[in-house]
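Read off the chains here:
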Amino acid sequence: MNNNYRGIDCKERAADYEEKTVGQRIVELSREKAVTYYRIADRADIPMSTIMNLISGRINNPTLVTLQGICRGLEVSLKDFFAEM
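Our subject in this report is the structure included herewith. Model, not experiment: these values are computed from the prediction. (Residues numbered from 1 in each chain as written. Predicted model: local features only at pLDDT ≥ 70, side-chain atom pairs only at ≥ 80, totals over all residues. Heavy atoms only, no water.)

**Section: the pattern of salt bridges**
Counted under the stated rule, the structure contains 3 salt bridges. The partner of E28 in a salt bridge is K20, and the shortest N-O contact between them spans 2.7 Å. With a relative accessible area of 27%, K20 lands in the partly exposed category. The shortest N-O distance in the salt bridge between R43 and E75 comes to 3.8 Å. One end of the pair, R43, is in helix α3 (residues 37-44); the other, E75, is in the loop between α5 (64-74) and α6 (78-83), and 32 residues separate them in sequence. Of the residues examined, R43 reaches a relative accessible area of 26% and is grouped as partly exposed. Judged by its relative accessible area of 60%, E75 falls in the exposed class. Salt bridges here are not isolated pairs; linked through shared partners, they connect K20, R25 and E28. (Salt bridge = Lys/Arg side-chain N within 4 Å of Asp/Glu carboxyl O. Buried < 20%, exposed > 50% of the residue type's maximum accessible area, 1.4 Å probe, protein only. Helix = DSSP H or I, 4+ residues; strand = E, 2+ residues; numbered from the N terminus.)

Structure representation (structure tokens):
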């Protein structure tokens, strides 16, 4: 079976679209917006440990309520949070 797509190896092509985790997105947006993890947790009204567990990958399936709080803490919409994942 040919694994090429227009001269590009399909494995290389898949690597271009590597998905980010929720934790990686929190790190990315907090840097862009210069917001500390403590500030996000405070605005989101969730424990700081939840933020740290998401970033470290210990939690990888947060609830919708948690995600909404994180978005509030980052001052982004859910749509924008997931737009680049």
